[in-house]
Amino acid sequence: MTYPAATLVFLALIAVVIVLGFTAARWNAGNLEHIEEWGLGGRRFGTWVSWFLIGGDAYTAYTFIAIPALMFGAGAIGFFALPYTVLIYPILYLVFPKLWKVAHKYGYITGPEFVRGRYGNKHLALAIGLTGIFATMPYIALQLIGMQTVIGALGIPGHVPLIVAFTVLAAFTYTSGLRAPAMIAIVKDLLIYLTVIVAVIVIPAELGGFGAIFAKIAPAKLLLAAPPAGSTGAYSGYATLALGSAMALFLYPHTTTGILSSSGPQVIRRNAVLLPAYSVMLGLLALVGYMAVASGVKDMPQFAAGFKQYGTSFAVPALVLEAFPGWFAGVAFGAIAIGALVPAAIMAIASANIFTRDIYSQFMPGSVASGEAKVAKLFSLVMVAGALVFILVIPATYAVQLQLLGGMWIIQTFPAIVFSVFTRFFNGWALLAGWAVGIISATWLVALNHFAGSIWAFHVLGFTLPSYIALATVLLNAVVAAVLSLPMNAFCSDRAGDETRAEDYV
Amino acid sequence: MFAGAAQCVTLFYLAERQDSEERDVIKILLLLVFIMVLAVPFYNQAAPALFGFPFFYWFQIALVPVASLLIYIVYRVEHGGEK
């Protein structure tokens, strides 16, 4: 063992979490043969459990590695994660208490189900559901990569530890459902907060304070570059990245599941007030990327192999090993690894809910409601296995690129889900057309960027407007949906297909 | 006399509408969150620094509790009495 103390603490934490995952089935026990119990925890989580669950769900291991890595490599632009995670909360407050009420009244457990009920259109719901599943797959794979990075940093070779960890994950997800990640999320978040607080106290003290750390950052990376004449430059790039990412976040199946599992609209509103604590933590964590620059880990011979293999993603693990005593490095790595397990479990469950309710029960003949939970449990295994095969067979860079695309795709469900909470102006088929235009144009622009960049410079009336592709294409999507809805409402209205009522949305 | 009547009607109207009007107006605070967060040119500066943090960084971190407070006010006004 290269780092014996760190490895022992790390393994001990993982062991505790595995035990918790299996015992979670008995927590507030419900009948796990019902999909609302298995896949939504019986919609019973109060303010604090929801706080841990949604926080554990949205701020993933990949975030903890990738955001500091982006700061480490690219500088100020990486800080968009902070405005991004501020803007998600007004959106959470405005949209999701309403969605919860409707979902509760009609027994919906997924976003696509709401859309199907609203428009009586199972094909639109299928498109929304498949978007969710395809956007989630690479996201789970990235959690595996986050975990692999810390396992690799501990000097444990090979894929076996990762396969073991995710086999166990699949097993406790199967037996305990959403209760498992909810319970583990509490441990995960306490460890993450502990690690970040210690990091922002201890490391700057070792490096001579925050002033000294910022002084080591190249001036060109410390701030966004001022835009050239006739262009909004990095300013609009930064703002659209933050806004587009915020619009997309709660549309992911796993975050929707986290919200719908709460016990009521008031729990969601209180969490819109309380969850920003995670954003402060994320902002400080982003700065760990700068601490890694200032500490000079990049040029230390013992980390050369790690940087060669994992690129800038190795910045955080290297700094942790350099700055902390062995046992605390074990705590930090444990926090990151558990931070991979929680969202990965919720992602598998959420995708399974969608598969069961929006694909299997709608499109496969002979399906019966009593078999729902069984189908969902089996599909959760398929999701985890798929992600595992994904990263064992396909190079990590593809997972990153597909995750980038996933963000572009999932935002295309914004008009169908979010607008529909406020208005029934749109026509279901028009929303489907808008969705298709959005998916195709976003994919095309990302392909033109060689799947490496998420910003495209649009030229409008002689001005250059660099924009996050997701935001620009979802605007196009909404315009197409609105323009097509006008004639369709007049000639072939689908309003009669709405099983919800106007008073559900007050 | 007309002015007095108009004022009376307005007062009556406001008293009638006070609940829902006040509740809708308060949502402007949420718009304020978006404006502050997206005002990139305003905060893309190094000075004034605070505790060694350039303005760009500390301002954005400081926005987090401000946003939380604004959402809290909206919550209290709109739904503070509910369980």
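Here, every reference points to the structure presented above.
Here the structure is a predicted model, which is why all the values come from computation and not from measurement.

**Student:** Can you lay out the overall build of chain B for me, pointing to particular residues and giving the numbers?
**Tutor:** Along chain B, the regular secondary structure elements total four helices and zero strands. Long-range pairs, those at least 24 residues apart, make up 58% of the contacts in chain B with a sequence separation of at least 6.

**Student:** Give a detailed account of the overall build of chain A, specifying residues and quantitative values.
**Tutor:** Summing up its helical and strand segments, chain A has 23 helices and two strands in all. A compact globule built from 506 residues would reach a C-alpha radius of gyration of about 23 Å, and chain A, at 22 Å, matches this within 12%. Dimensions of chain A along its principal axes, counting C-alpha atoms only, are 70 × 60 × 40 Å. The buried share among the 506 residues of chain A stands at 59%.

**Student:** Could you give me a rundown of the environment of Ile 411 of chain A, with the residues and numbers involved?
**Tutor:** Relative to the helices and strands, Ile 411 of chain A resides in the loop between helix H20 (396-410) and helix H21 (414-422). The buried category is assigned to Ile 411 of chain A, around which 28 C-beta atoms lie within 10 Å.

**Student:** If you had to explain the interface of chain B and chain A to someone new, which residues and values would you point to?
**Tutor:** Listed per partner, the contact involves 28 residues of chain B and 30 residues of chain A. Listed by contribution, the elements that provide at least two residues to the side of chain B that touches chain A are helix H2 (28-38), helix H3 (40-43) and helix H4 (55-79) of chain B. In terms of residues, the side of chain B that touches chain A owes the most to one element, H4 of chain B, which gives 13 residues.

**Student:** Can you break down the environment of Ile 192 of chain A residue by residue, with the values?
**Tutor:** Residues and elements named next belong to chain A. Mapped onto the fold, Ile 192 is located in helix H9 (residues 179-207). Considered as a pair, Ile 192 and Ile 268 are 76 residues apart in the sequence and their alpha carbons are 23 Å apart. Once you skip the residues sitting within four places of it in the chain, Ile 192 turns out to touch Ala 335 and Gly 339.

**Student:** Give a detailed account of the pairing of strand S1 (residues 455-460) of chain A, specifying residues and quantitative values.
**Tutor:** Residue and element names in this part refer to chain A. Relative to strand S2 (residues 463-468), S1 runs antiparallel, the two sharing six bridges. Its bridge partner lying in S2, Ile 455 is registered against Tyr 468. Taken together, S1 and the strand that follows it, S2, pair antiparallel across an intervening segment of two residues, in which Leu 461 is found at a positive phi of about 50°.

Analysis parameters
Residues numbered from 1 in each chain as written. Chains lettered and ligands numbered in written order. Predicted model: local features only at pLDDT ≥ 70, side-chain atom pairs only at ≥ 80, totals over all residues. Helix = DSSP H or I, 4+ residues; strand = E, 2+ residues; numbered from the N terminus. Contact = placed C-beta atoms within 7 Å. Rg over C-alpha atoms; globule rule 2.2 N^0.38 Å. Buried ≥ 20, exposed ≤ 12 C-beta atoms within 10 Å, placed from the backbone. Pairing = 2+ DSSP bridges.

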